[in-house]
Amino acid sequence: MSDIEQNLVNQHEEEVLLLNPTLSADARRSATYRRLAKVGLVLGAGACIAAVASMGSLGGPRGMPVGVSTPSKTDFIEEGMLPFFKGVLAKKAAAPPPVPNAIKKLYSEDSVRAFAALAKISFCGPLPGVYAAVAETCSDNEGVVSDCTGAQFKVTPGFVRTIDDSDLGIPDSIFGILAKVEPTSETSAIKSGAIIAIRGSVDNNGNSIRDKETTLDDGLEGCEGCKIHQGYHESYNKFEASLQMQLEGIGCQPGECTIYVTGHGSGASVASLVAWELSEVGYTIGTSYVFAPPKMGDGTFSKKMNKKFATGGDHGVIFSVSHGKDSLVRWPFDANFQSWGIQAYYADDSATKATQICYSGSSDCSVWQYTQAELSSVDTCDCPVAPDHGFCTFLGWEAQCYGGWSHNTVSAFKRMYPEMWNESAGVQQPDDMAAANWYPAEGDGEQAKALAKSNADAAAAQSGAKPTTAPVDNSAKQASSKVSAEYYNLKTLKAFAALAKLSYCGASSGVVKAIQATCNTKQGLCSDAGFGVVPNTVVSQGVDYQSQLTQPYYMAETLYFFTALIRRTNSTYAAAPYFMPSEACVLVFRGTNNLQNSDMNKDLTMVPLNDPDCKGCEASNGTLNAWIEALEAPVMAALKTSGCSPTASKETSQNVFIAGHSMGGTMATLAMYMLQKKGFNVQLSWSMEGGRPGNMALMSYLNNQAFPQ
């Protein structure tokens, strides 16, 4: 055990003894003396020690009046000092001791920037330029200043490998970089070994599901009693064998090769799991830097990670780098998840060195100094030590990920040849390859707060009171119908109108890409309304229904709809007039397109729904039969595939937006009723020039009872 480890253990040993009621009085007194001695040294006056030493054969404590009974050492400790120190130690538990200077000295501003550069390159994914980009990012070519020059190490050319695997049916969902590294000077903190950079979550459904699998899982190698994030554990298990093989391929063997890890977001958490697992099979983990890692396990796991990677013992320290008010570092907000490690915190984008180095989870440390309401995902992407001050966008994505340029080369080219750069730049990284700045906060409550405030303001307006200034509960629901205008938003209407128009493409080969391109998170109609479609979640579905009625031609797929998972871009859009939930599905129906549709529209015979909650409700026979006979089953299956379910789950959303034009609008209105009955939370939806699918009782139920908000 190192001196640093022993020092940390000693700091807490007496605390454990003092607060353990099962120990003998002698043991507790011994611990108290040891603590008193330490406090006496800290105070510099020895007052506590002198007070104890003055007891017993020396008589009472100095200044005690003659004739007053002299307390014994036992009385003094048990009735006086012990309760006092219990109070002191209780406060100490909430505020751990500062990080020892010996640990702080291990933190290198040059090294953290080098690791950030490699973590960012991992977001290239499996593109042809990634190998050269890694090698050039950490080259030692004469006369060239690379991202790793200051950290005094290089990547060995020809020894760059990739970790690439599909997950949940999505190709390249898991990606990482493995590179052999060598020190470039005798004073370098980096030894001969390998660096592993795990890509964080990109905007695809595979990563999204893994992020949301927050059930605490056991089975971590060598970590008895530990429970960890199920999704991140599953991700590691997918590439464990491949990683071991790649390490052997570059000549990196346990006991001979030091491993360094890095990554951003979920990649940082998975990289930390990599460090644990490799340390268990004999590898030494060197001082490493991970960026904005979410919490990844329970208290037992956190304690063991701290012991292994926060003391400077047999392994190096893994520093967690955080920034601003980043919410990702505190997520999941479930109390069963505990933080671990040492934070290197940068207060804002202008910080040139770490503002704080402190223990994760301390109330005055890093993002823990803010309330949960003050946190934001906006700071997830930004980081002052990352190239171009961020992880989510490349200054020259095409030049780096296809051309193999380093961050420094791109910056230098832009600076030296601005006109040429402006002509060549502009190709944006596709959504499903770019870092996601969204985290699965389906329970964030922002939309509910905004709705409640809107309803309360409406009630206040009716009574003449002042509007509310803070979120309130839902007690003012009844007033919602009075402020329907506040729920109307032209930007949102334009976004859903664009999606409804795309439904007329039908089940053509390009419709999925068209939906994704029209409704991305970076620019366009959906982005203006505060949301975007998650790549790999679009389900395009044509349905054969009464195709024989399309004589003299037989038309397949007479009905058409599509589903997709959408996400709010930031919490601003939770408020009026958007009221966008953190995550939801969209369901869009195509309008009248063929003879069968026309005949269906004409079948206006009213059929009772026999719903005790919807008294007197009837629906038109044509629309109702189409739903029951042709649409209900595939719609439910498509919503599930896109990531939505009527049953509450960590991995799925219950929220659904529904839209359609013409007959599609009529079907959308009926679907609102049907899906609400199945348990979905149907959101503010859009029937554009659609008909009424039923009688006035049904429409009144939808407006006033099914959706009172």
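What this report covers is the structure whose coordinates are included nearby.

Conventions and cut-offs
- Residues numbered from 1 in each chain as written.
- Predicted model: local features only at pLDDT ≥ 70, side-chain atom pairs only at ≥ 80, totals over all residues.
- Heavy atoms only, no water.
- Helix = DSSP H or I, 4+ residues; strand = E, 2+ residues; numbered from the N terminus.
- Core = buried A, V, L, I, M, F, W, Y, C linked by side-chain atoms within 4.5 Å.
- Buried < 20%, exposed > 50% of the residue type's maximum accessible area, 1.4 Å probe, protein only.
- Contact = heavy atoms within 4.5 Å.
- Pairing = 2+ DSSP bridges.
- Axes fitted to C-alpha atoms, helices over the stretch in contact; angles between N-to-C directions.
- Salt bridge = Lys/Arg side-chain N within 4 Å of Asp/Glu carboxyl O.
- Polar contact = N/O pair within 3.5 Å; in protein donor to acceptor, adjacent residues only side chain to side chain.
- Disulfide = S-S within 2.5 Å.

### Digging into unusual backbone geometry
Argument step 1. In this chain, W331 is followed by P332 through a cis amide linkage whose omega measures 0°.
Argument step 2. By the secondary structure assignment, P332 is in the loop between β9 (318-323) and β10 (342-346).
Argument step 3. Positive phi is not limited to glycine here, since Q546 has a value of about 50°.
Argument step 4. As for its placement among the helices and strands, Q546 is situated in the loop between β13 (539-543) and β14 (559-568).

### Regarding the nonpolar core
Argument step 1. Counting residues in each nonpolar core, the largest one holds 55 residues, and the members touching the most others are Y107, V134, F153, F291, V321 and I342.
Argument step 2. The residues contacting V134, other than those within four sequence positions of it, are L118, I121, V155, V160, I177 and A179.
Argument step 3. In this structure, V290, A292, I318 and V367 belong to the second largest nonpolar core, which totals 45 residues.

### Here we look at the sheet that holds strand β3 (residues 193-198)
Argument step 1. In spatial order, the strands read β1-β2-β3-β6-β7; together these 5 strands make up an open sheet with mixed pairing. Two strands close off the open sheet at either side, each with one partner strand: β1 (153-167) and β7 (284-285).
Argument step 2. Bridge count between β3 and strand β6 (residues 258-263): 6 bridges; the pairing is parallel. Within β6, the residue paired with A194 across the bridge is I259.
Argument step 3. Sitting on the sheet, helix α7 (residues 130-137) is in contact with β1 and β2 (170-183), with an inclination near 145° to β1.
Argument step 4. Of the strands in this sheet, β3, β6 and β7 touch helix α10 (residues 266-280), which is tilted by about 165° from β6.

### Some remarks on the pairing of β2
Argument step 1. Where β1 lies against β2, 10 bridges are found, and the strand directions are antiparallel. When the bridges of β2 are listed, D165 appears paired with I174.
Argument step 2. Taken together, β1 and the strand that follows it, β2, pair antiparallel across an intervening segment of 2 residues, in which L168 is found at a positive phi of about 55°.
Argument step 3. In terms of strand pairing, β2 meets β3 through 6 bridges, oriented antiparallel. Note on β3: the bridge partner recorded for V181 is G193.

### A few points about the pattern of salt bridges
Argument step 1. Taken as a whole and judged by the stated rule, the model has 13 salt bridges.
Argument step 2. Note that K120 is salt-bridged to D388, the shortest N-O span being 3.5 Å. Taken together, the residues span a long stretch of sequence, with K120 in helix α6 (residues 109-121) and D388 in the loop between α12 (378-381) and α13 (397-401) at a distance of 268 residues.
Argument step 3. The partner of K677 in a salt bridge is D611, and the shortest N-O contact between them spans 2.9 Å. Residue K677 is located in helix α22 (residues 663-678), and its partner D611 is located in the loop between β16 (606-608) and β17 (618-620); the two are separated by 66 residues in the primary sequence.
Argument step 4. Under the relative-accessibility criterion, D611 is labelled buried at 12%.
Argument step 5. Within this structure, D203, K212, R567 and E583 form a network of salt bridges that share partners.

### Comments concerning the side chain of H315
Argument step 1. By the secondary structure assignment, H315 is in the loop between α11 (299-309) and β9.
Argument step 2. Take H315: its relative accessible area is 14%, and that puts it in the buried class.
Argument step 3. A distance of 3.1 Å separates a polar atom in the side chain of H315 from the backbone nitrogen of I285.
Argument step 4. Setting aside its immediate chain neighbours within four residues, H315 contacts S279, Y283, T284, I285, K308 and F309.

### Some words on the state of the cysteines
Argument step 1. Under the criterion given, the structure shown has 9 disulfides.
Argument step 2. Covalent S-S linkage joins C614 and C617, the inter-sulfur distance amounting to 1.6 Å. Taking the sign of the S-S torsion, -80° for the link of C614 and C617, the bridge is left-handed. The pair C614 / C617 is uniform in exposure class, with both members buried.

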